[in-house]
Amino acid sequence: MKSHIANLFSPAAIRALAVPGAILLCVVAGAKWNWIAQFPDDWTLPVAAGINVILNSIIPNILPLTSTVSHALGTMLGSLVATLQFLPWPAVVLAVMLIGFKAGGLRLLALCLCALSYIVLAGFWRQSMATLSLVILAVPISVLGGFLLGLGAFLLPWVRRPIELLFDFMQTFPAFAYLIPLLLLFGFGPIAGLVATAIYAIPPMARCMLSGLTQVPRELVEVGDMTGCTPLQRLLWVELPSAKPMMMIGINQTTMAALSMVITASIIGGFDDIGWAVLSGLRQADLGKSLLSGLVIVLISIITDRITAGIFAGRRAQNGWHMRWGTAPVLLAAAAILGMGALSRWAAPDLVQGLNETRGVIDLSVVNSAVLGFVGRYGHILDALKSGILYYLVLPLRLGLSGAVLPTTWGFAMTPPVTAFYAAVALLLAIRQWAKGNPGGAAGTLSLAILLFIGLVGFPWPAAILLVMWCALRVSGPKFAFFAGASLGFALLSGLWIPFVKSLYLVGVSVALCALVGGLLGMLAAHNSWLSAGLRPINDALQTMPQFVFLIPALMFFKVGEFAGLIAISLYAIVPAIRYTEAGLRAVPATILETARQLGCTPAQSNLLVQVPLARPALLLGLNQTVMAAITMLPIAATVGTAELGQQIYISLGKADAGLGITAGIVFCLTAINLDRMLRAAAERCATPDQDK
Amino acid sequence: MSSAPSLASPRQVKLACRDLWKLYGARPRDAMAAAMPLVEDKDRLRSELAGSGHVAAVAGASLEVHEAEIFVLMGLSGSGKSTLLRCLTRLIEPTSGKVLLDGEDLLAASRHRMVELRRHAMGMVFQNFGLLPHLTVLDNVAFPLRVQGIEASKRYARAREMIELVGLRGLEGHFPSQLSGGQQQRVGIARSLAVGPQIWFLDEPFSALDPLIRRQMQDEFIRLQKMLRKTIVFVTHDVQEAFRLADRIAIMRHGSIVQMGTPAEIALAPANAYIAEFLRDIPTLRVIKAADVMRPLAADTSPAHVVSGSAVLEEIVPLVLNGTPLVGVQDEAGAIVGQVTAAEIAELARQGRD
């Protein structure tokens with residue numbers, strides 16, 4: 001007991017408490033010296049301008065090359081669009097249904113039929129074919145690029161780390177930010193969009209390729225060596241064939257990434273496709289149009305996903321009706337159907353052409369008025385939800401309790417007695433942690449209390465750097481702490497500190513919402529197979545939807561503004577919260593639950609004392625995925641009026657200021673990479689508690 | 001029972017290694033040099049190496065494998081037996097030592113020479129079969145020949161021969177995923193034999209199989225070896241398997257060879273308590289042969305029963321139980337060279353139970 005008390009005042013404990021102390025000092029000093037509270041403008045460096053100078057010197061030199069590429073791609077795209085739009089839709093529908101039947105049996109056939117009928121009936125056939133052309137051209141480029149990158153990273157281990165870092169950057173770097181340089185290189189139009197789509201879709205293929213190759217069982221590599229393979233023989237005959245299933249997954253994911261990018265790409269390319277239809281619907285506040293066209297792209301995504309996944313999964317036992325033919329004959333048959341369609345259109349142009357010019361039978365104005373009517377009738381509920389989240393979640397994080405707690409909203413003000421009470425509660429919680437021998441926890445509690453009181457926007461920057469570096473040091477080590485500190489330094493020096501902080505709180509709020517709602521749903525689904533089965537297709541659909549689509553319902557119900565962005569982000573980011581919670585809780589071994597029941601735990605006790613602690617690593621990984629999803633959604637949410645880094649990127653797009661966009665993009669990536677590493681490290685620490693000391 | 005009598009006749013050494021070391025860690029060669037003075041005290045050596053962040057997976061192993069002999073490397077998991085096997089084939093590069101195949105130092109061989117040797121002189125069977133999932137049985141067995149660039153008709157003919165040999169005729173067109181574990185390992189065996197290797201490495205070939213199938217595969221292995229007379233290095237963690245198959249056994253612990261000898265030599269004189277502990281699972285009477293324990297024939301006795309020197313004691317037990325006090329032992333030429341008494345057998349049986 002005595003040593004326990006001595007531990008409380010060990011040097012480590014004292015050192016840990018230095019952190020909240022220093023933060024408090026910064027806050028107090030910030031009141032006196034403004035440069036501590038706010039990073040002075042004259043200290044910032046002209047990063048964006050510098051990037052612009054570099055770009056301006058590079059772009060003219062490679063312009064001849066890119067304009068040739070642009071021309072070639074333009075010709076290909078034009079003829080592909082013309083071909084696809086020339087084909088009569090019944091032939092295409094039949095061909096797709098045949099392939100769907102091969103890939104997923106009767107169920108997928110029915111799904112294809114419904115989806116394609118909807119596209120025809122809603123009047124988006126032409127646009128769909130244009131979008132399909134874009135994807136058909138972009139995917140092979142991405143697959144080839146990903147294949148080569150992944151192979152290169154595998155063959156040259158010393159470049160593997162940098163290439164993996166490059167993948168991280170490519171995946172988190174907001175597409176908006178590289179649209180401008182692409183615009184400068186390829187000109188305004190669908191080709192810049194095509195290239196943007198291709199670039200965006202490379203990393204999934206490259207990652208799958210690399211992991212497929214590195215995960216070839218050691219034994220198979222040894223078989224290659226023991227039979228006397230040369231390195232090339234081993235690669236061609238052992239490693240690449242073994243990595244094939246992963247490559248197939250890569251192609252599927254790349255296709256999905258390309259599809260999810262088409263709306264974003266249409267921002268820089270006025271091209272009569274679905275992406276453009278969704279975007280212009282959003283811009284014109286024509287909700288009916290964006291809703292209907294958004295549904296089209298969702299359906300295209302879902303059937304593309306199911307078909308590619310089904311075809312690549314190969315010989316898998318399917319229940320019910322299924323096709324005995326191999327994949328190649330089915331594809332040939334589909335091609336034959338398309339050929340016959342084309343021939344029939346040549347033979348009888350007038351008859352078939354009339355069919356192809358589908359007008360759509362769904363009346364947009366009816367959809368619009370239905371939506372408006374709904375919003376009008378339930379407006380008060382939506383408003384209550386909006387103001388609730390705004391007053392109790394958004395504002396406290398932005399302005400701190402000191403700024404957000406007002407008599408009009410909270411019913412009381414932060415008078416000195418209330419503040420003292422708040423401080424006392426925080427202190428008590430901290431002391432409890434300390435008494436448990438966890439000075440780090442105590443320091444964390446106190447720091448968090450100060451942060452909540454001040455709010456993210458007003459938090460002094462030296463304190464923020466200190467806090468982040470300390471967290472990074474604790475979860476991972478000095479190297480990472482240095483990296484995290486340097487990242488914050490870049491945000492400060494580039495003058496993007498305030499947008500960066502606003503991004504953080506937006507992510508924070510939406511992650512909190514997702515964790516609450518998604519965590520609850522996941523928990524219920526873990527205990528209720530019926531709910532679980534019901535949630536699965538919804539989650540699948542949400543995950544295959546292009547990010548832009550999430551803006552539509554948010555806009556429908558909450559109008560333009562930060563709140564609509566928040567809702568869109570949360571809708572997009574909730575799936576991992578649900579999935580990981582359910583999977584983590586379900587993965588707790590039945591024997592342990594049985595033990596808990598035998599020991600006399602009530603269901604609630606078994607839940608809180610056994611399941612949740614055991615599932616903690618999975619829950620933290622789910623949190624990580626949720627945070628990542630929220631971050632990648634930020635720039636898209638910016639189009640409906642949030643004020644954060646995404647907005648900076650969006651503004652840069654409007655001003656064609658490539659430097660600003662790229663700078664904001666880098667801050668963005670750094671934020672994502674740091675948060676990712678921090679949460680992963682935390683999850684790993686959770687999984688191996690022995691290394692705590 | 002063991003395939004060949006172990007009445008040790010000096011045979012030619014096919015494969016040997018001398019003072020072979022494999023260290024894992026940041027700077028294995030430096031750590032090796034620093035730790036060499038401690039080589040006599042294994043425990044201190046280990047802690048010294050651990051101090052610099054190194055582990056000796058193989059610690060000074062020396063052995064000789066004779067022509068046409070089944071040499072078993074046995075040890076628990078982590079004892080370094082698989083690493084030693086891979087050092088012998090240079091799948092893993094040893095830190096120091098020598099590996100000699102027919103007197104040629106493999107560690108000095110060029111990359112080209114190693115490819116040559118692996119293509120023609122070595123065959124290997126893997127614990128998890130190591131079959132290429134995208135190839136049929138026929139293509140898997142023909143794979144080593146394809147690597148050599150042998151034309152299709154020739155390699156398929158040879159592969160069919162091998163498939164026939166392991167009793168898988170009719171399954172040539174199947175994929176590995178369609179076969180049972182035992183069948184898959186037969187494919188692995190057929191593939192390793194396809195090039196007609198001089199030396200055959202088997203790395204825990206039957207460990208991933210069910211006990212019943214494992215026994216069948218052991219019988220199959222014995223049958224094949226009777227036909228083929230290969231030089232074999234066989235790795236296993238299964239004591240019974242080791243004593244059942246081996247001509248000679250090397251028992252490994254912490255990367256070193258603790259004892260090496262014929263099954264009977266080990267069973268009769270375990271080097272230490274660790275090995276004695278292993279032997280508790282071994283039916284001693286089934287391992288020891290009459291020639292291993294016979295004494296010179298006492299004068300003026302003429303044994304009522306005579307057995308061959310390669311007969312295991314278990315075969316003599318029924319005679320002894322019938323009241324025969326001693327049994328004569330004859331050599332291959334038929335001359336009676338020694339005797340085994342009932343009392344001696346009873347004593348050995350008692351020791352085996354302790």
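The structure displayed is predicted, hence computed values, not measured ones.

Asker: I'd like to hear about the overall build of chain B, residue by residue, with values.
Answerer: In terms of regular secondary structure, chain B is built from 15 helices and 13 strands. The C-alpha atoms of chain B give a radius of gyration of 23 Å, which matches the 20 Å a tight globule of 354 residues would have. Counting only C-alpha atoms, chain B reaches 70 × 60 × 35 Å along its principal axes. The long-range share in chain B, meaning contacts at least 24 apart out of those at least 6 apart in sequence, stands at 67%.

Asker: Kindly report on the overall build of chain A, identifying the contributing residues and their values.
Answerer: Of the regular secondary structure elements, chain A holds 33 helices and zero strands. Its C-alpha radius of gyration of 28 Å places chain A within 12% of the 26 Å reference for a compact globule of 693 residues. Principal axes of the C-alpha set define a box for chain A whose edges measure 95 × 60 × 60 Å. A buried classification covers 46% of the 693 residues belonging to chain A. Of all intrachain contacts in chain A linking residues separated by at least 6 positions in sequence, the fraction that spans at least 24 positions is 78%.

Asker: A description of the UniProt feature "domain: ABC transporter" (unreviewed entry) in chain B should follow, citing residues and the corresponding values.
Answerer: The UniProt entry lists residues 39–279 of chain B under the feature "domain: ABC transporter" (unreviewed entry), expressed in the numbering used here. The span residues 39–279 of chain B carries 44% helix and 22% strand; its end-to-end C-alpha distance comes to 28 Å.

Asker: Give me the domain arrangement of chain B: which residues, what numbers.
Answerer: Residues and elements named next belong to chain B. Taken domain by domain, chain B holds domain 1 (65–97 + 104–283) and domain 2 (287–353). Domain 1 and domain 2 are separated by 35 Å when their C-alpha centres are compared. Taken together, the contact between domain 1 and domain 2 spans seven residues of the former and four residues of the latter. Broken down by element, the side of domain 1 that touches domain 2 gets its largest block of residues, four residues, from helix α10 (residues 263–268). Looking at the side of domain 1 that touches domain 2 residue by residue, the classes come out as seven nonpolar, no polar and no charged.

Asker: Quick one: what's the story with helix α8 (residues 175–186) of chain A, residue by residue and with numbers?
Answerer: All names here are of chain A. A rise of 1.5 Å per residue sets the reference length of α8, with its twelve residues, at 16 Å; its end C-alpha atoms lie 15 Å apart and thus fit the reference within 8%. Taken across its twelve residues, α8 has ten buried, putting it largely inside the fold. Those residues of α8 that sit buried are Ala175, Phe176, Ala177, Tyr178, Leu179, Ile180, Leu182, Leu183, Leu185 and Phe186. Buried residues belonging to α8 abut α4 (47–86), α9 (190–200), α13 (244–265), α31 (616–637), α32 (645–655) and α33 (658–687). Within two residues after α8, glycine 187 carries a phi angle of roughly 80°, on the positive side.

Asker: Give me the domain arrangement of chain A: which residues, what numbers.
Answerer: Residue and element names in this part refer to chain A. Looking at chain A, the domain boundaries give domain 1 (87–122 + 284–358) and domain 2 (380–399 + 493–693). Relative placement of domain 1 and domain 2: their C-alpha centres are 34 Å apart. In this complex, domain 1 contributes nine residues to the contact, which on the side of domain 2 involves eight residues. Its residues placed into classes, the side of domain 1 that touches domain 2 shows five nonpolar, three polar and one charged.

Asker: Pulling in residues and values, what's your account of the pairing of strand β10 (residues 256–261) of chain B?
Answerer: Relative to β10(B), strand β9 (residues 248–253) of chain B is paired through five bridges, and the arrangement is antiparallel. Along β10(B), the bridge assignment pairs Ile249(B) with Gly261(B).

Asker: Requested: an account of the UniProt feature "domain: ABC transmembrane type-1" (unreviewed entry) in chain A, with residues and values cited.
Answerer: In this structure's numbering, the residues bearing the UniProt feature "domain: ABC transmembrane type-1" (unreviewed entry) are residues 128–308 and 500–679 of chain A. Secondary structure across residues 500–679 of chain A comprises 85% helix and 0% strand; the distance between its end C-alpha atoms is 19 Å.

Asker: How would you summarise the sheet that holds strand β2 (residues 55–66) of chain B if you had to cite specific residues and measurements?
Answerer: Residues and elements named next belong to chain B. In spatial order, the strands read β2-β1-β4-β5; together these four strands make up an open sheet with antiparallel pairing. Two strands in the sheet have a free side with no partner beyond their single neighbour: β2 and β5 (104–105). Note: strand β1 (residues 13–24) against β2, nine bridges, orientation antiparallel. Residue pairing in the sheet places leucine 15 in a bridge with valine 65 of β2. Strands β1 and β4 (96–101) of the sheet are contacted by helix α1 (residues 28–35), whose axis makes an angle of about 95° with β1.

Asker: Which residues make up the pairing of strand β8 (residues 231–236) of chain B, and what values go with them?
Answerer: Residue and element names in this part refer to chain B. The buried fraction of β8 amounts to six of the six residues, a majority that puts the element mostly inside the structure. Neither face of β8 is open: one carries Thr231, Val233 and Val235, the other Ile232, Phe234 and Thr236, and all of them are buried. Pairing of strand β7 (residues 199–203) with β8 involves five bridges; the strand directions are parallel. Residue pairing across strands places phenylalanine 201 opposite valine 233, the latter belonging to β8.

Asker: Outline the packing of α9(A) against α13(A), supporting the account with residue identities and numerical values.
Answerer: For any two helices packed against each other, one specifies the inter-axial angle together with the distance between the axes. Residues and elements named next belong to chain A. Relative to each other, α9 and α13 sit at 145°, their axes nearing to 9 Å. The crossing of α9 and α13 is right-handed. Facing α9, whose interface residues are Gly193, Ala196, Thr197 and Tyr200, α13 presents Ala257, Ala258, Met261, Val262 and Ala265. When its residues are assigned to classes, the contact of α9 with α13 shows seven nonpolar, two polar and no charged.

Asker: Describe the nonpolar core, and please don't skip the residues or the numbers.
Answerer: Formed by 213 residues in total, the largest nonpolar core has its most connected members in Leu179(A), Ala196(A), Leu551(A), Ala554(A), Ala568(A), Ile569(A) and Met633(A). The residues that make up this core include at least three from each of domain 1 (87–122 + 284–358) and domain 2 (380–399 + 493–693) of chain A. Among the nonpolar cores identified, the runner-up in size contains 99 residues, and Trp21(B), Phe126(B), Ile199(B) and Leu202(B) belong to it.

Asker: Talk me through unusual backbone geometry; I want residue IDs and the actual numbers.
Answerer: Residues and elements named next belong to chain B. You will see that aspartate 102, though not glycine, has its phi angle at about 50°, which is positive. One can find aspartate 102 in the loop between β4 and β5. On the basis of neighbour count, aspartate 102 is assigned to the partly exposed category, with 13 C-beta atoms found within 10 Å. Residues other than glycine seldom take positive phi values, yet phenylalanine 129 does so here, at roughly 75°. With respect to the element layout, phenylalanine 129 can be found in the loop between β6 (122–125) and α5 (137–147).

Asker: Quick one: what's the story with the environment of Cys669(A), residue by residue and with numbers?
Answerer: All names here are of chain A. On the secondary structure map, cysteine 669 appears in helix α33. When the 21 C-beta atoms within 10 Å are taken as the criterion, cysteine 669 is described as buried. Taking the C-alpha atoms as reference points, cysteine 669 and proline 174, 495 residues apart in sequence, are found 8.0 Å from one another. Once residues within four sequence positions are removed from consideration, cysteine 669 is found in contact with Phe169, Thr172 and Phe173.

Asker: With reference to specific residues and values, describe the sheet that holds β7(B).
Answerer: Residue and element names in this part refer to chain B. Pairing is mixed across the open sheet formed by six strands, whose spatial order is β6-β7-β8-β3-β9-β10. Edge positions in the open sheet fall to β6 and β10, since each of these has one partner strand only. Looking at each pair of strands side by side, their axes are set apart by 15° on average, direction ignored. Pairing between strand β3 (residues 70–74) and β8: five bridges, direction parallel. Bridging from a neighbouring strand, leucine 73 pairs with valine 235 of β8. Relative to β8, helix α3 (residues 81–89) is tilted by about 150°, and along the sheet it contacts β3, β6, β7, β8 and β9. Where helix α7 (residues 181–193) meets the sheet, its contacts fall on β6 and β7, and the angle it forms with β6 comes to roughly 170°.

What counts and how
Residues numbered from 1 in each chain as written. Chains lettered and ligands numbered in written order. Predicted model: local features only at pLDDT ≥ 70, side-chain atom pairs only at ≥ 80, totals over all residues. Helix = DSSP H or I, 4+ residues; strand = E, 2+ residues; numbered from the N terminus. Rg over C-alpha atoms; globule rule 2.2 N^0.38 Å. Contact = placed C-beta atoms within 7 Å. Buried ≥ 20, exposed ≤ 12 C-beta atoms within 10 Å, placed from the backbone. UniProt positions renumbered as here; feature names shortened; annotations may be inferred. Domains from an automatic or database assignment. Nonpolar A, V, L, I, M, F, W, Y, C, P; charged D, E, K, R; others polar. Expected span 1.5 Å × (residues − 1). Pairing = 2+ DSSP bridges. Axes fitted to C-alpha atoms, helices over the stretch in contact; angles between N-to-C directions. Left-handed = near helix turned anticlockwise from the far one by under 90°. Core = buried A, V, L, I, M, F, W, Y, C linked by C-beta atoms within 7 Å.

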